[in-house]
Amino acid sequence: MLDKTVTDWQAAAAELDIEGRAFINGQATDALSGETRPCINPSTGVKLADVASCGAEDADLAVQNARKIFDDGAWSAMAPADRKMVLVRWAELIEEHADEIALLECLDVGKPISDTTGGDVPSAVRTIRWSGEAIDKVYDEISPTGPGSLALVQRLPLGVVTAIVPWNFPLSTTAWKFAPSLATGNSVILKPASNTPLTAIHIAGLAAEAGLPDGVLQVLPGPGGSLGRHLATHMDIDGLTFTGSTPVGKQLMEYSGQSNLKRTFLELGGKSPNIVFADANLKKAANSAAAAVFYNGGQTCTAGTRLIVEESIEDELLKMVVDRARRWMPGNLLDPATRMGPMIDKGQFDTVADYVDIGRNEGAELLFGGGQVLAETGGFFHEPTIFAGVTNDMRIAREEIFGPVMSVLTFTTAEQAVEIANDSIYGLAGAVWSNNINTAHKVAAAVRVGTMGINNYFGGDITVPFGGFKQSGNGRDKSIHAFNDYTELKTTWIEFD
Ligand code: NAP
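Residues numbered from 1 in each chain as written. Predicted model: local features only at pLDDT ≥ 70, side-chain atom pairs only at ≥ 80, totals over all residues. Heavy atoms only, no water.

Enquirer: What is the right way to look at the side chain of Ser53 in this model?
Expert: You can see Ser53 is positioned in the loop between β4 (46–52) and α2 (56–72). Residue Ser53 is classed as buried on the basis of its relative accessible area of 11%. Not counting residues up to four positions away in its chain, the partners in contact with Ser53 are Ala31, Ser33, Glu35, Thr36, Arg37, Pro221, Gly222 and Pro223. (Helix = DSSP H or I, 4+ residues; strand = E, 2+ residues; numbered from the N terminus. Buried < 20%, exposed > 50% of the residue type's maximum accessible area, 1.4 Å probe, protein only. Contact = heavy atoms within 4.5 Å.)

Enquirer: Help me understand the site of the ligand, please; the structure alone is not making it clear to me.
Expert: Around the ligand sit 30 residues, and of these Val165, Ser194, Ser245, Leu268 and Glu400 come closest. Between the ligand and Gly244 there is a distance of 3.3 Å, counted from an oxygen atom to a backbone nitrogen or oxygen. Within the contact set of the ligand, an oxygen atom lies 2.5 Å away from a side-chain nitrogen or oxygen of Glu400. Taken by itself the ligand offers 910 Å² of open surface, and the protein chains cover 87% of this. Going through the elements one at a time, α8 (224–232), β10 (239–243) and α9 (246–258) are the ones with two or more residues in the shell around the ligand. The element best represented in the shell around the ligand is α9, accounting for 4 residues. By residue class, the composition of the shell around the ligand is 16 nonpolar, 10 polar and 4 charged. (Near = heavy atom within 4 Å. Polar contact = N/O pair within 3.5 Å; in protein donor to acceptor, adjacent residues only side chain to side chain. Areas by Shrake-Rupley, 256 points an atom, 1.4 Å probe, with all protein chains shown as cover. Nonpolar A, V, L, I, M, F, W, Y, C, P; charged D, E, K, R; others polar.)

Enquirer: Would you explain the sheet that holds strand β15 (residues 385–388) in this entry?
Expert: Picture the strands of a sheet paired through backbone hydrogen bonds; they go either parallel or antiparallel. The strand order across the open sheet formed by 7 strands is β14-β15-β16-β13-β12-β18-β19, and the pairing between neighbours is mixed. The sheet is open, and its two borders are formed by β14 (365–368) and β19 (451–454), each paired with just one other strand. Geometrically, the sheet is characterised by an average inter-axis angle of 20° between neighbouring strands, direction not taken into account. Taken together, the 3 bridges between β15 and strand β16 (residues 405–411) define a ladder with parallel strand orientation. Bridging from a neighbouring strand, Thr385 pairs with Val405 of β16. Packed on one face of the sheet, helix α12 (residues 346–362) meets β14, β15 and β16 and runs near 20° to β15. (Pairing = 2+ DSSP bridges. Axes fitted to C-alpha atoms, helices over the stretch in contact; angles between N-to-C directions.)

Enquirer: Help me understand helix α10 (residues 282–294), please; the structure alone is not making it clear to me.
Expert: Three or four residues apart is the spacing at which side chains of an α-helix point the same way, because the helix has 3.6 residues per turn. Spanning 13 residues, α10 covers 18 Å between terminal C-alpha atoms, matching the ideal 18 Å at 1.5 Å per step. One side-chain oxygen of the residue at the start of α10 lies 3.3 Å from the amide nitrogen of Lys283, identifying that residue as Asn281. Of the residues one or two after α10, Asn296 is the one with positive phi, at around 60°. (Expected span 1.5 Å × (residues − 1).)

Enquirer: Please clarify how the sheet that holds strand β6 (residues 149–157) should be interpreted in this entry.
Expert: Read from one edge to the other, the open sheet built from 3 strands follows the order β5-β6-β21, with strand pairing classed as antiparallel. Two strands bound the open sheet, and with one partner strand each, they are β5 (141–142) and β21 (487–495). As paired strands, β5 and β6 are joined by 2 bridges and run antiparallel to one another. Bridge pairing in β6 places Glu141 opposite Val153.

Enquirer: What is the right way to read unusual backbone geometry from this model?
Expert: If a residue is not glycine, its phi is most likely negative; likewise, a peptide bond is most likely trans. For Leu374, which is not glycine, the phi dihedral falls at a positive 55°. Relative to the assigned elements, Leu374 resides in the loop between β14 and β15. The class of Leu374 is partly exposed, set by a relative accessible area of 27%. Phi angles above zero are rare outside glycine, and Ser479 is one such case at about 70°. Mapped onto the fold, Ser479 is located in the loop between β20 (469–470) and β21.

Enquirer: I'm lost on the pairing of strand β18 (residues 429–433) in this one. Help?
Expert: Sheet faces and side chains relate simply in a regular strand, where the side chains alternate between the two faces. With respect to burial, β18 is a largely interior element, 5 of its 5 residues being buried. Of the strand pairs in this sheet, strand β12 (residues 273–276) and β18 are connected by 3 bridges, and their pairing is parallel. Paired with Asn274 across the bridge in β18 is Ala431. Two elements, β18 and β19, share 4 bridges in a ladder whose sense is parallel. Bridge pairing in β19 places Val432 opposite Ile454.

Enquirer: Can you walk me through the packing of aromatic side chains in this structure?
Expert: Each aromatic ring pair is characterised by the separation of its centres together with the angle its planes make. Summed over all chains, the structure comprises 7 aromatic pairs. Seen from their ring centres, Trp167 and Phe402 are 5.4 Å apart, and the 75° between their planes marks the pair as edge-to-face. Remark: Phe402 occurs in the loop between α13 (395–398) and β16 and Trp167 occurs in the loop between β7 (160–164) and α6 (170–183); sequence separation between them is 235 residues. Trp167 sits in the buried class, given a relative accessible area of 15%. Note on Phe169 and Tyr295: the rings are 6.0 Å apart at their centroids and 35° apart in plane angle, and the pair reads as tilted. (Phe/Tyr/Trp six-rings, centres within 6.5 Å; stacked < 30°, edge-to-face > 60°.)

Enquirer: Looking at this model, I keep getting lost on the nonpolar core. Mind explaining?
Expert: Formed by 52 residues in total, the largest nonpolar core has its most connected members in Trp90, Ile94, Phe178, Leu182, Leu217 and Val219. Listed by contribution, the elements that provide at least two residues to this core are α3 (80–96), α4 (98–109), α5 (113–135), α6, β8 (187–191), α7 (198–210) and β9 (217–219). Looking at which element gives the most residues to this core, the answer is α7, with 8 residues. By size, the runner-up hydrophobic cluster in this structure holds 30 residues, among which are Ala289, Val293, Leu318 and Tyr457. (Core = buried A, V, L, I, M, F, W, Y, C linked by side-chain atoms within 4.5 Å.)

Enquirer: Could you clarify how one ought to interpret the pairing of β4 in this entry?
Expert: By the bridge criterion, 6 bridges tie strand β3 (residues 36–41) to β4 in an arrangement that is antiparallel. Of the residues in β4, the one forming a bridge with Asn41 is Val46. The antiparallel hairpin formed by β3 and β4 contains 4 residues in its connecting segment, where Gly45 sits at a positive phi of about 75°.

If you want it as structure tokens, here you go:
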């Protein structure tokens with residue numbers, strides 16, 4: 001897989017057979033209205049496929065299917081060891097189709113092929129396999145009652161769950177939702193982002209092949225404002241799991257309150273601090289600082305967009321970071337050497353360009369980048385961009401840009417670094433770089449985020465929970481803890497004569 005050349009991938013892309021229909025009750029299905037929406041390759045601006053655009057009537061049908069199969073118990077009441085076998089087989093099938101799925105994700109999202117082959121696909125496989133493997137190893141509880149009683153505390157599936165996901169990591173976030181919700185016995189309806197529905201549709205077909213009963217997993221592409229809202233306000237959906245922006249997350253909480261108080265778990269935006277002390281390994285910190293913000297074109301919720309540097313090493317570190325930024329210049333997605341792709345669409349490109357103007361107008365110093373590249377491709381490519389001289393009251397330090405834009409701030413004491421890091425509505429992720437174990441631990445403990453790296457950025461795997469503090473969300477994806485979001489605790493109290 002990793003040995004393929006750009007020519008091999010181009011040939012494979014020309015042969016790709018793309019399914020654009022929804023996946024409802026075990027079948028590839030057109031929207032009842034017959035409506036479709038074009039799905040665009042963001043590196044060329046050219047249409048990849050027409051995709052079903054589902055509406056309320058499709059959603060109602062999917063909810064009926066999901067409820068029926070949940071009540072039947074064909075999946076919800078299946079022994080965990082048997083559910084495990086289906087999920088593990090599904091992971092194997094995704095692995096067997098890895099090249100095709102990686103290519104689809106690359107073209108649909110505009111991710112470099114080396115990212116999707118090396119990251120998104122293996123990560124989805126591992127998530128589904130790990131959750132399947134785990135589900136027959138978790139025990140319920142017996143509470144410490146007195147003699148004469150026995151109290152069982154059981155985890156039961158919520159019922160029908162809807163998952164709404166964004167476009168930046170469609171396959172990974174879909175797997176983060178599917179794996180624990182299905183492992184715990186729920187029926188799941190996924191609404192992918194309108195920009196990037198293709199891999200979710202594809203892997204749903206493989207789930208059926210792996211033996212998942214019809215109606216347990218359904219994928220409905222369609223607009224967030226209508227289809228997404230209909231699902232979020234539906235009276236017969238028990239749980240909502242969401243990854244996306246903070247403003248939409250807030251709306252979903254309101255929808256839950258206005259409808260049936262469905263359990264609502266949110267994974268939202270970020271403006272993550274990456275703190276570098278003078279005693280750190282600066283080469284490593286510089287490599288990582290560039291990757292932290294330029295990976296996936298900065299369209300990453302955990303992107304380390306605020307580089308907070310000890311003043312005494314600012315010049316030295318920034319020289320290195322600018323040097324690393326050159327290596328992230330965008331290129332052909334199908335070339336395995338390419339590290340950065342385009343913005344997802346024209347709207348996102350314009351947002352990034354607007355923030356570059358805002359940064360300039362706010363008085364920050366544009367150290368690197370700031371413009372469009374590869375315009376001749378028809379794609380939405382933006383240069384890796386670095387602003388120095390940023391203060392934490394500037395909009396480029398406070399707002400989630402969701403593009404390859406780094407804001408550099410400075411500090412002189414550890415307390416000041418922590419204060420800057422915590423002065424944000426977000427609390428998703430962060431990192432601290434120091435060779436002093438006391439400094440590193442103290443700062444890591446004081447920064448209010450869900451995931452903190454010490455001498456690394458983006459650390460973590462399926463064994464650890466992932467989610468945010470503050471306005472970065474309230475749920476947890478990954479690890480055994482993710483099972484909590486998809487289950488209710490039920491007490492059964494037994495009295496003996
Ligand atoms: P978004 O605009 O919030 O959209 C996310 C999903 O919600 C899409 O499927 C969208 O559908 C749907 N949606 C939009 N409005 C809706 C409504 N009123 N009711 C129901 N659904 C609605 O986010 P995005 O631009 O796709 O993704 C970027 C955001 O996701 C960033 O803020 C990023 O930080 C965040 N994110 C967070 C994490 C995490 O784990 N914390 C991970 C990845 C991304 P349409 O596509 O049809 O609009």
